[in-house]
Amino acid sequence: MLAGSLLLATTAMAPAVVSQSATAATEPATSTSVYQSMPADPTAVVLGSAQFPVHGDGIGDDTASVQAAIDEASRRGGRNWLGNIVGGARDVTVGDGGGVVFVPEGRYRLSRQVDLHASVRLVGFGAERPEFVLGESTPGFQDGNQSFLFAALRRPFQPDTPRSFGNNDTFGTGLINLDIRIAPGNPAAVAVRFSGAQMFVLQDLDIHMGTGYAGIDHNANLIQRVNVHGGTVGMLAFAASPGWQTTLLDTTFTGQREAAIKLHTDSKLSLIRNRIADSPTGIVATPDQTQRLYVQDSVFQNISGSAITLNDSESVPGGGEPELVRAQNQLNVVDTGVTGTGALLTTVPSGRTWAGPGASYLVRDATLGLRVDDALSAAERRSDGVLVSATPAAPASFARLLRSDAPLPPATGGWVNVVDYAAARGVTVGTGTSDDYAIFQQAIDEHDTVYVPMGQYLIGNTLRLRPQSNLIGLHPRQTWLKLPDSAAGFTDPDQPKAMIQTPLGGRNQVTGLGLDSAQQTAGSVHVHWRSGAQSYLADIATQFVKWHPERTEPGDPGAGDPGYQYRGRHKYSFWVQGGGGTFANIWSVAGWADNGFLVEDTSVRGQMYEVSIEHHEHREVVLRRVRNWELHALQTEDHIYGWRSQAVELDDVHDVLFGNTVFFRVATVQGPYPYAVGLHNSTGIVIRGTRGYRPDNVVNTRWGATIADVATGRTVPEIEVAYLGVGVTGTTPTPAGAHIALDTPEIRVLPGRSGSTVLRVRNDGRGPVTGLAVDAEAPAGWQAQARPEATRLPVGATTPVAVSVRVPTDAVTDGTVRLTVSFTRGGERQEIPQTLRVRVTGENLARGAAVQASSVLSGNVAGNAVDGNRTGARWISGSVDPAPTLTLDFGGPADLQRLDLYSGVAGSESLRVRAFRVEALVDGAWTTIGSAGANTASPAQVDLSGAPAGIRQVRLVFTEPSPTDGLARVFEVEIHGIR
């Protein structure tokens, strides 16, 4: 996030108050422009300036100027080398630190894709947000689903070089305080294609998709205060490159035609204070994908189907390690309201469904995946099913769920530009050549909000903020505060000294800055944070340094590779002491520090969102004597030389939540580590969702355990855990609501016949269910019935519901029977949909069946007739067999539909089988069930629908094998039916 990138208060975001009525309108009010005026910054590019003229009226085409402005911002960042990570390597000949394009209030019509180069941020300003409009029926946006309006690219702007999307070495790109509108006639349009590694941000956007396809495709890092209206899909979610989480804060999806969010390729989403409303489905996984989905303090409203649809764990392809892969299917839903919605969770293809205890309810705790309760104790217990613990709640009570936990940015009218402040006093700052500390501190002492334009500022002493001080930048890879090397007071690790220090209990906001503690400063700390619960530290990056040993092996990365330039020894990166507040989109990657994020001696509430702590030699995150913190979407990474680094250390820590964590070890890491989280004298520790699995170099890249008690030696060895609780006190979650599942979600019924299955309804609620009924709706001409065995269910009871389906004789396509389970609980009537798929085409029962022939000519064996090849190898009967036979055994009873016989010689009709009869073994005797005569076709077809049910063996008797030599020549026998 960037300057002022604060979680909007409830009054400013897409509405925090849910209507009392589940069917009330949910279109949010117009969102607030968080930057009312443009700050002065000579390094930034300004759209609409003389160099980049625009119409700004929504009519004239402004695409060329918008693209030229982005290109220029990238060029400037390439030339100044600020924030460089991959420039000079990996085929990048310029710096990759990007820049800022300021977009004034106005409407800008676009007519083609706009390339958003690496680390370029578009920042809108004005009394109202600027809006980019894709013109009505714009050519190129009609077909497919990958016609992007904005696309985040991997590399800085370099003319005549190939374009590719952002990936694991792309950092810092953003769209902020802008709106996007897709005009009618663009069904393939996608507003933003957004993928990268760290520091990406979509923030303060309203995306109006109309009849377009999707608001966001791919995702990276932080999506905050983004409202997506309409479209086929709101968001197509993928794992942020190279596999990290994505956090959605204070975000809304409304009115999508198909689904609010579609999950692909292990997308690892954390949804916190999100509202999903007025769509057929809420969040749905694509087939064959594992998911780690975390939802907290959110609301699902007016969803006609299930709020969440995930894949059955057992249905996910497991590769070489199916149990480990399937264990990665994880769901956590915490303190989330559901109203006017069919059910909370459905898993497919089984169709198993879990509903809440009423028409409107609060989910206290829902999990799917491995759950370890009372971990690290003698009472430790495991389960791997679905738990839904919920209580009835009125929709009006959900308003509190959506209240933000951080302040709005300070109004831009009150910002004091430190460059202008210094110039008025005859001082030049930001050149990176002289110490700017004195004028910086003077500005902080005199003004509440100090804005830092892009540049490099040497700061030779600690910047001390007052309780109300704010320090604001707009781009953390282009706005650097840097220690002079060997700066006085920063060299003693036993006396740590901070670049920035905040006061105890302060309401400070520090955002949008890069912090560089230089090399020979072993006592340095980037930030010493002591501020209170209303404070905010966000969009902060440190210098990119991977810890590097003195000695390396041949072939190991050396000096010159990105990140491996130095071998320093530093104290801390971020040091929270006695403070708290909100921390978001922070990248602590100065690997030479003792640890990347230290929190100690505090019970002030703290919450972290989307924080990456990487490459440190000893420990990534350390908590000592801490209470009341939540760490969401924390990502750590041990690299090739840092294999001795522990992900998290907890000492005397209580009531702390880790939500949707990635404890990662790179494929080249040189050694193992026994656990990711080490714990001592700590209770109330909850870990909800972890990633620890890697399919390669398993000895080193997998932690020996997720967590260990370093005093007792007890561990939780599983490396993929949906829920893990250590010393958690209070009420044990108990199931609530209803569980509904078909014995089989799909049945086969031949035309003209009937089929059946059983639907089971279990009452998991706190009171009885009465008036249970199941309505069955079938396609026209079909018949379907559902009869519950009981209409009243006490708590914990299950009743079977017999479901029967009759298919008409003229049915030629598969169908769907829609079942609606309804019942009354606590005076409220609930309706929960289920879907039964009915296949009418049958399968080829003969393929691979056991087969015997009465005779064989040479090597033309009977198995050739059931190998699935209609034109290849054949079975040919013997020359002295006047009535040859083939006998097939299906291995179990089946209902038959028809037989197709492929015979003769390829390209000729003369030697095809002329006549045969089909017999079935019924009650121990062969009985004719069909026949063919005077045949010249291939295939010859025989209707078997009149055969008795439950046939296991079929015999073909060739009464006229061929018209000339009496040999039966059969390419393939296909017998269609259902088992």
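All values derive from a computational prediction rather than experimental measurement. (Residues numbered from 1 in each chain as written. Predicted model: local features only at pLDDT ≥ 70, side-chain atom pairs only at ≥ 80, totals over all residues. Heavy atoms only, no water.)

*Asks:* Help me understand the overall build of the protein in this model?
*Replies:* If you tally the helices and strands in the protein, you get 5 helices and 69 strands. Projected onto the principal axes, the alpha-carbon positions of the protein cover approximately 110 × 65 × 60 Å. In the protein, 73% of the contacts between residues at least 6 apart in sequence involve partners at least 24 apart. Surface exposure of the protein reaches about 33,300 Å², of which carbon and sulfur atoms provide 49%. (Helix = DSSP H or I, 4+ residues; strand = E, 2+ residues; numbered from the N terminus. Contact = heavy atoms within 4.5 Å. Areas by Shrake-Rupley, 256 points an atom, 1.4 Å probe, with all protein chains shown as cover.)

*Asks:* What is the right way to read the pattern of salt bridges from this model?
*Replies:* Where charged atoms of side chains with opposite charge meet at close range, the side chains can pair. Per the stated rule, a full pass over the model turns up 53 salt bridges. For Arg466, the salt bridge identified is with Asp448, shortest N-O distance 3.1 Å. Remark: Asp448 occurs in the loop between α4 (437-446) and β33 (449-451) and Arg466 occurs in the loop between β35 (463-464) and β36 (470-472); sequence separation between them is 18 residues. Judged by its relative accessible area of 22%, Arg466 is partly exposed. What makes Asp448 partly exposed here is its relative accessible area of 39%. Between Glu974 and Arg870 there is a salt bridge whose closest N-O contact spans 2.7 Å. Taken together, the residues Glu974 in strand β69 (residues 969-978) and Arg870 in the loop between β62 (850-853) and β63 (875-876) connect sequence positions 104 residues apart. Here the residues in one salt-bridge network are Arg129, Asp179, Asp204, Asp206 and Arg225, joined through shared partners. (Salt bridge = Lys/Arg side-chain N within 4 Å of Asp/Glu carboxyl O. Buried < 20%, exposed > 50% of the residue type's maximum accessible area, 1.4 Å probe, protein only.)

*Asks:* What is the right way to look at the nonpolar core in this model?
*Replies:* Nonpolar side chains in soluble globular proteins tend to be buried together. Within the largest apolar cluster, 76 residues are counted, with the highest numbers of intra-cluster contacts made by Val101, Leu122 and Ile261. The contacts of Ile261, once residues within four sequence positions are left out, are Met235, Ala237, Leu248, Phe253, Leu269, Leu271, Ile276, Gly282, Ile283 and Val284. If you look at the next biggest cluster of nonpolar residues, it comprises 71 residues, including Leu463, Ile500, Val527 and Ile586. (Core = buried A, V, L, I, M, F, W, Y, C linked by side-chain atoms within 4.5 Å.)

*Asks:* Is there a simple way to think about helix α1 (residues 63-80) in this case?
*Replies:* For the α-helix, the turn length of 3.6 residues means that residues three or four positions removed from each other point alike. In a regular helix each residue adds 1.5 Å, so 18 residues correspond to 26 Å; α1 covers 26 Å between its end C-alpha atoms and thus fits that length. Among the residues making up α1, those that are buried are Thr63, Ser65, Val66, Gln67, Ala69, Ile70, Asp71, Glu72, Ala73, Ser74, Gly77 and Gly78. Trp81 lies just past α1 and shows a positive phi near 60°. (Expected span 1.5 Å × (residues − 1).)

*Asks:* Can you walk me through unusual backbone geometry in this structure?
*Replies:* Leaving glycine aside, a negative phi is the common case for residues, and trans is the common case for peptide bonds. Here the bond from Val348 into Pro349 is cis, since omega is 10°, no more than 30 degrees from zero. Along the chain, Pro349 turns up in the loop between β25 (343-348) and β26 (352-355). A positive phi angle, near 50°, is found at Ser137, a position not held by glycine. Within the secondary structure layout, Ser137 lies in the loop between β7 (131-134) and β8 (147-152). Ser137 gets classed as partly exposed once you look at its relative accessible area, which sits at 43%. A positive phi angle is found at Asp923, which is not glycine, with a value near 55°. Within the secondary structure layout, Asp923 lies in the loop between β65 (915-922) and β66 (925-932). Asp923 sits in the exposed class, given a relative accessible area of 80%.

*Asks:* It is not clear to me how the layout of surface pockets should be interpreted in this structure. Could you clarify?
*Replies:* Empty space among the atoms becomes visible once a probe the size of a water molecule is rolled across them. By volume, the largest pocket is sized at about 880 Å³. Residues belonging to the lining of the largest pocket are distributed by class as follows: 11 nonpolar, 14 polar and 13 charged. Reported here for the second largest pocket is a volume of approximately 650 Å³. As for the second largest pocket, its lining consists of 25 residues, and the residues nearest its centre are Thr309, Thr346, Val348, Thr835 and Arg837. Residue assignment for the lining of the second largest pocket shows that the elements contributing at least two residues are β20 (283-285), β23 (306-311), β25, β59 (815-825) and β60 (828-839). Grouping the amino acids of the lining of the second largest pocket by side-chain chemistry returns 7 nonpolar, 14 polar and 4 charged. (1 Å grid on protein atoms, 1.4 Å probe; cavity = no way out; pocket = protein on both sides within 12 Å on 5 of 7 lines; lining within 4 Å. Points joined across faces, edges and corners; volume = space filled by probe spheres on them. Nonpolar A, V, L, I, M, F, W, Y, C, P; charged D, E, K, R; others polar.)

*Asks:* Quick question: what am I supposed to make of the sheet that holds β59 here?
*Replies:* In any sheet, the strands associate via hydrogen bonds between backbone groups, in a parallel or an antiparallel arrangement. Read from one edge to the other, the open sheet built from 4 strands follows the order β54-β60-β59-β56, with strand pairing classed as mixed. One side of each edge strand has no neighbouring strand; the edge strands of this open sheet are β54 (746-748) and β56 (770-777). Going across the sheet, the axis of each strand differs from the next one's by a mean of 25°, ignoring polarity. Here β59 pairs with β60 via 11 bridges, running antiparallel. (Pairing = 2+ DSSP bridges. Axes fitted to C-alpha atoms, helices over the stretch in contact; angles between N-to-C directions.)

*Asks:* Would you take a moment to explain the packing of aromatic side chains for this structure?
*Replies:* The relative placement of two aromatic rings is captured by the distance of their centres and the angle of their planes. This model, assessed by the stated rule, comprises 20 aromatic pairs. Ring geometry for Phe102 against Phe125: centres 6.3 Å apart, planes inclined by 90°, an arrangement best described as edge-to-face. Remark: Phe125 occurs in the loop between β6 (120-124) and β7 and Phe102 occurs in strand β3 (residues 99-103); sequence separation between them is 23 residues. A single burial state applies to Phe102 and to Phe125, both of which are buried. If you follow Arg371 out to its NZ or CZ, it ends over the ring of Tyr723, 3.9 Å from the centre. Above the face of the Tyr421 ring, Arg425 is positioned so that its terminal group lies 3.6 Å from the ring centre. (Phe/Tyr/Trp six-rings, centres within 6.5 Å; stacked < 30°, edge-to-face > 60°. Lys NZ or Arg CZ within 6 Å of the ring centre and 35° of its normal.)

*Asks:* Hey, could you run me through the pairing of strand β9 (residues 174-182) in this one?
*Replies:* Each regular strand carries side chains that alternate between the two faces of the sheet. Summarising burial for β9: 8 of the 9 residues are buried, a large majority. Where β6 meets β9, 3 bridges bridge the pair, whose relative direction is parallel. Of the residues in β9, the one forming a bridge with Val123 is Ile176. Sheet topology note: the β9/strand β11 (residues 201-210) ladder contains 7 bridges and is parallel. Opposite Gly174, over in β11, you have Val201 as the bridge partner.

*Asks:* It is not clear to me how the side chain of Asp169 should be interpreted in this structure. Could you clarify?
*Replies:* Mapped onto the elements, Asp169 comes out in the loop between β8 and β9. Owing to a relative accessible area of 2%, Asp169 belongs among the buried residues under this scheme. At 3.3 Å, the side chain of Asp169 and the side chain of Arg90 are in polar contact. Side chain to side chain, Asp169 and Arg154 meet in a polar contact 3.0 Å long. Aside from chain neighbours lying at most four places away, what touches Asp169 is Val86, Arg90, Arg154 and Arg155. (Polar contact = N/O pair within 3.5 Å; in protein donor to acceptor, adjacent residues only side chain to side chain.)

*Asks:* What am I meant to see in the pairing of β25 here?
*Replies:* Most of β25 is tucked away: 5 of the 6 residues are buried. The pairing of β23 with β25 spans 5 bridges and is parallel. Bridge pairing in β25 places Asn311 opposite Val348. In sequence, β25 turns back onto β26 through a hairpin of 3 residues, with Gly351 there showing a positive phi of about 80°.

*Asks:* How do you make sense of the confidence of the model for the protein when you look at a structure like this?
*Replies:* In low-pLDDT segments, the atomic positions of the prediction should not be examined closely. Residues with a pLDDT of 70 or more make up 97% of the protein, whose mean pLDDT is 92. Throughout residues 1-29 the model reports pLDDT below 50, and contacts reaching past four residues in sequence, or to other chains, amount to 117 contacts. (pLDDT = per-residue confidence, 0-100.)

*Asks:* For this particular structure, what's the right way to read the environment of Arg425?
*Replies:* Position of Arg425 among the secondary structure elements: in the loop between α3 (418-423) and β32 (431-435). The sequence separation of Arg425 and Ala518 amounts to 93 residues, and the corresponding C-alpha distance is 28 Å. Not counting residues up to four positions away in its chain, the partners in contact with Arg425 are Ile439, Gln442 and Glu446. A polar contact of 2.9 Å, which involves the side chain of Arg425, links it to the backbone oxygen of Tyr421.

*Asks:* Whenever I open this one, the side chain of His739 confuses me. Can you help?
*Replies:* Assignment of secondary structure puts His739 in strand β53 (residues 738-742). Residue His739 is classed as buried on the basis of its relative accessible area of 12%. With sequence-adjacent residues up to four places away left out, His739 is seen in contact with Arg352, Thr353, Trp354, Arg760, Val761, Arg762 and Asp764.

*Asks:* How should I be thinking about α4 in this particular structure?
*Replies:* Every buried residue belonging to α4 is among Ile439, Phe440, Gln441, Ala443 and Ile444, and all of these are buried. Close packing links the buried residues of α4 with α3, β33, β34 (455-458), β35, β36 and β37 (479-482).

*Asks:* Help me understand the environment of Pro672, please; the structure alone is not making it clear to me.
*Replies:* If you trace the backbone, Pro672 turns up in the loop between β47 (646-665) and β48 (677-680). On a C-alpha basis, the gap between Pro672 and Gly771 in space is 59 Å, while along the polypeptide they are 99 residues apart.

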